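Here's the letter readout for the chains.
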Amino acid sequence: MTEAAGRDAEHDLESRFEATISRDQRIEPRDWMPEGYRRTLIRQIAQHAHSEIIGMQPEGEWITRAPSLRRKAILFAKVQDEAGHGLYLYSAAETLGIDRAELTERLLEGRQKYSSIFNYPTLSYADVGVIGWFVDGAAICNQVPLCRSSYGPYARAMVRICKEESFHQRQGYELLMTMMRGTDAQREMVQDAVDRWWWPSLMMFGPPDDDSPNSAQSMAWKIKRHSNDELRRRFVDMTVPQAAKLGVTLPDPELRWNEERGHHDFGTPDFSELKEVISGNGPCNTERIERRRAAHEEGAWVRAAASAHAAKQAARAREEAVA
Ligand SMILES: [Fe+2]
Ligand SMILES: [Fe+2]
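Residues numbered from 1 in each chain as written. Chains lettered and ligands numbered in written order. Predicted model: local features only at pLDDT ≥ 70, side-chain atom pairs only at ≥ 80, totals over all residues. Heavy atoms only, no water.

### Things to note about the coordination of the iron ion (ligand 2)
1) Next: Here the iron ion (ligand 2) is held by the protein donor atoms Glu-82 (OE), Asp-136 (OD), Glu-165 (OE) and His-168 (ND1), which lie 1.9 to 2.2 Å from it.
2) Next: With four donor atoms in place around the iron ion (ligand 2) and angles of 89 to 157° between them, the coordination shape is irregular.
3) Next: Along the chain, the residues donating to the iron ion (ligand 2) are arranged with the sequence spacing E-x53-D-x28-E-x2-H. (Donors = N, O, S within 2.8 Å, 3.2 Å for Na, K, Ca; no water. Tetrahedral: all angles 85-135°; square planar, octahedral: opposite > 155°, others 65-115°.)

Structure follows, in structure tokens:
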């Protein structure tokens, strides 16, 4: 093929890709895609997978200290779901031609990120409830639109994940409802947890739109469907009536209903804190990565055993095929 013919072929592939996106159809692993699209997706899906796995830690710490068998069973199920989410997402990333071991390596070396929210400590059992309500609630706002993401395997993984996230949100809210019907000390625990998690939860949507350099391209590719600020607004509008029903105060003096806009006005999160946490200086960053590294090292024998078993099975299948 001449150089000009090569360019034409590439141009054809690119216009077919653009046409698929503009018809709102899905890009599948077998389809041609621009390198930037592939790279952006790998980064986003990996970051998402890492968040699910690291996100098991803050709540996982409370499994052995759950106040009743029922609460332990619920929390166990929830944390286990997050492990499952991580696995679907690593599999989705692998369809883009990257190995899961490589992604884990990048996480442990700090070359890939996970959600800033999991770098905050869980100080009481009310935190389990507030994480379910806020953090899984924010995850739902972020992820429901991703069910329509242009990349097929990611969008399909998101459908099941979102169903489970809504169970997570409800179990959190139901726990808080129970605590609010309890003693004064329990009500105080809930309010304290709300005060500590509110602003970090708003930061989960990322920097403000005018400081989010990759967003425009991701929206054009329909990887992302709504801007950070839009999703943040949606989360606030959804959460305020829930807070009123629960009987807690959200720690934002600027928070009020704006009749004209049909949305709530609210204060600006401290985005310099977000930058600090993202760059590794949050309260628990070191602890989270160390724990993840230890778990990875402790699991080495499981991976070795699984590969040995797979190799044996493949050898047996080959022998049977010859016989
Ligand atoms: Fe999850
Ligand atoms: Fe969740």
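Let us keep going from here.
### Remarks on the coordination of the iron ion (ligand 1)
1) Next: On the protein side, the iron ion (ligand 1) has Glu-52 (OE), Glu-82 (OE), His-85 (ND1) and Glu-165 (OE) as donor atoms, found 2.0 to 2.2 Å from it.
2) Next: Classification of the site at the iron ion (ligand 1) as irregular follows from its four donor atoms and the range of 85 to 142° in their angles at the metal.
3) Next: Between the iron ion (ligand 1) and the iron ion (ligand 2), a spacing of 3.4 Å is present, and a bridge between the two is formed by Glu-82. One end of the pair, Glu-82, is in helix H4 (residues 69-94); the other, Glu-165, is in helix H7 (residues 152-180), with 83 residues separating them in the sequence. Like Glu-82, the residue Glu-165 is buried in the burial classification. (Helix = DSSP H or I, 4+ residues; strand = E, 2+ residues; numbered from the N terminus. Buried < 20%, exposed > 50% of the residue type's maximum accessible area, 1.4 Å probe, protein only.)

### Let's talk about the nonpolar core
1) Next: By size, the foremost hydrophobic cluster in this structure holds 49 residues, and its most contacted members are Trp-133, Phe-134 and Trp-197.
2) Next: At the level of elements, H4, helix H6 (125-143), H7, helix H8 (184-203), helix H10 (228-246) and helix H11 (271-281) are the ones that each hand at least two residues to this core.
3) Next: Sequence-distant contacts of Phe-134, defined by excluding residues within four places in its chain, comprise Val-194, Trp-197, Trp-198, Ser-201, Phe-235, Thr-239 and Leu-250.
4) Next: By size, the runner-up hydrophobic cluster in this structure holds 27 residues, among which are Leu-89, Leu-96, Met-158 and Cys-162. (Core = buried A, V, L, I, M, F, W, Y, C linked by side-chain atoms within 4.5 Å. Contact = heavy atoms within 4.5 Å.)

### Let's talk about the packing of aromatic side chains
1) Next: Applying the stated criterion across every chain yields a total of 11 aromatic pairs.
2) Next: Put simply, the rings of Trp-133, Phe-134, Tyr-173, Trp-198, Phe-205 and Phe-235 pair up and form one aromatic cluster. (Phe/Tyr/Trp six-rings, centres within 6.5 Å; stacked < 30°, edge-to-face > 60°.)

### Some words on the pattern of salt bridges
1) Next: Tallying each qualifying case throughout the model produces 21 salt bridges.
2) Next: With a shortest N-O distance of 3.2 Å, Arg-225 and Asp-24 are connected by a salt bridge. Of this pair, Arg-225 sits in the loop between helix H9 (215-220) and H10 while Asp-24 sits in the loop between helix H1 (3-22) and helix H2 (35-54), and the two are 201 residues apart along the sequence.
3) Next: By relative accessible area, Asp-24 is classed as partly exposed at 48%.
4) Next: The salt bridge partner of Arg-156 is Glu-28, with a shortest N-O separation of 2.8 Å. Remark: Glu-28 occurs in the loop between H1 and H2 and Arg-156 occurs in helix H7; sequence separation between them is 128 residues. (Salt bridge = Lys/Arg side-chain N within 4 Å of Asp/Glu carboxyl O.)

### Observations regarding unusual backbone geometry
1) Next: Non-glycine residue Asp-24 carries a positive phi angle of around 65°.
2) Next: At Lys-222, a position not held by glycine, the phi torsion is positive, near 60°.
3) Next: Relative to the assigned elements, Lys-222 resides in the loop between H9 and H10.
4) Next: Taking the relative accessible area as the measure of exposure, Lys-222 reaches 19% and is therefore buried.

### Some points on the packing of helix H12 (residues 285-298) against helix H13 (residues 300-322)
1) Next: Contact pair H12 / H13: the axes reach a minimum separation of 4 Å and the direction vectors enclose 40°. Classed by the angle they form, the pair H12 and H13 counts as oblique. Contacts between H12 and H13 involve His-296, Glu-297 and Glu-298 from the former and Ala-300, Trp-301 and Arg-303 from the latter.
2) Next: For the contact of H12 with H13, the residue count by class is two nonpolar, one polar and three charged. (Axes fitted to C-alpha atoms, helices over the stretch in contact; angles between N-to-C directions. Parallel < 35°, antiparallel > 145°, perpendicular 65-115°, else oblique. Nonpolar A, V, L, I, M, F, W, Y, C, P; charged D, E, K, R; others polar.)

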